[in-house]
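The chain contents come next:
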Amino acid sequence: MDIQTAISIASLLVTASVALVVPVQAFKFALRQEQVRLLREQRVALYADMLVEAHAEQQGLTWWLANQDASEELPFEDTRLPALERARFGARGTAVGSAKVNRLFNTVQAVAGRIHLLNATGRMDRDTALMQLRLEACRAQDALEAAIRAELRSDMPLPPSGSTWLPDRRRAS
């Protein structure tokens, strides 16, 4: 075998290996991008539902506390999820949501539990409980919203159209 034949065979082997490896790697990259896009879409939907549920819980507790002294029940449309839906929602949050956002959402829910527990044991000063509810619920809700905004990067400005600006990198001036 002469040098020309060896070079031709080597170039064919390199060409064949590139022809096999590049499409496989491109497919893996495209599959990973699709998985990231799908996870982000699921998180956006989950986090929107979390914010709605946290707001409904806060409104429900405010109504509940206001009705403790009222002689007649005030009108209220309860928008909180039923027990089964809440359980499914929690499972979806565990599967798709980040640990930080789940912890903050559970903190929002825990405020309601503490207020109900204080009322059930009879060791509740209404004014103190109402103040505690408002402060803790607002803090927890603000922390939840901030964590969701940070995770989804919704506070970042959009790049100008046609720009090569990337949000994770800064251009050298």
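Residues numbered from 1 in each chain as written. Predicted model: local features only at pLDDT ≥ 70, side-chain atom pairs only at ≥ 80, totals over all residues. Heavy atoms only, no water.

A. Highlighting the pattern of salt bridges. Counted under the stated rule, the structure contains 10 salt bridges. A salt bridge links R88 to E85; its shortest N-O distance comes to 3.6 Å. One end of the pair is R88 and the other is E85, both in helix α2 (residues 83-96) and three residues apart, which spans about a single turn. E85 sits in the partly exposed class, given a relative accessible area of 37%. Across the pair E145 and R149 runs a salt bridge whose closest N-O atoms are separated by 3.8 Å. Residue E145 and its partner R149 are located together in helix α4 (residues 126-152), separated by four residues, close to a single helical turn. Salt bridges sharing common partners tie together E53, E57, D78, R80 and R86. (Salt bridge = Lys/Arg side-chain N within 4 Å of Asp/Glu carboxyl O. Helix = DSSP H or I, 4+ residues; strand = E, 2+ residues; numbered from the N terminus. Buried < 20%, exposed > 50% of the residue type's maximum accessible area, 1.4 Å probe, protein only.)

B. Seen up close, α2. In a regular helix each residue adds 1.5 Å, so 14 residues correspond to 20 Å; α2 covers 20 Å between its end C-alpha atoms and thus fits that length. Listed in full, the buried residues belonging to α2 are F89, G93 and V96. Projected down its long axis, α2 carries its buried residues within an arc of 85 degrees, all on one side. Opposite the buried face of α2, at more than 90 degrees from it, the exposed residues are A83, L84, R88, T94 and A95. (Expected span 1.5 Å × (residues − 1). Arc of directions from axis to C-beta.)

C. Representation of the packing of aromatic side chains. The final tally for this structure, using the stated rule, is one aromatic pair. For the ring pair F89 and F105, a centre distance of 5.5 Å and an interplane angle of 75 degrees mean the geometry is edge-to-face. You can see F89 sitting in helix α2 and its partner F105 sitting in helix α3 (residues 99-121), a full 16 residues away along the chain. Neither F89 nor F105 differs from the other in exposure class; each is buried. (Phe/Tyr/Trp six-rings, centres within 6.5 Å; stacked < 30°, edge-to-face > 60°.)

D. How the structure looks around the confidence of the model for the protein chain. Scored by pLDDT, the protein chain comes out at a mean of 81, with 82% of its residues at no less than 70. Segment residues 169-173: pLDDT under 50, and three contacts once partners within four positions in sequence are set aside and those in other chains are kept. (pLDDT = per-residue confidence, 0-100. Contact = heavy atoms within 4.5 Å.)

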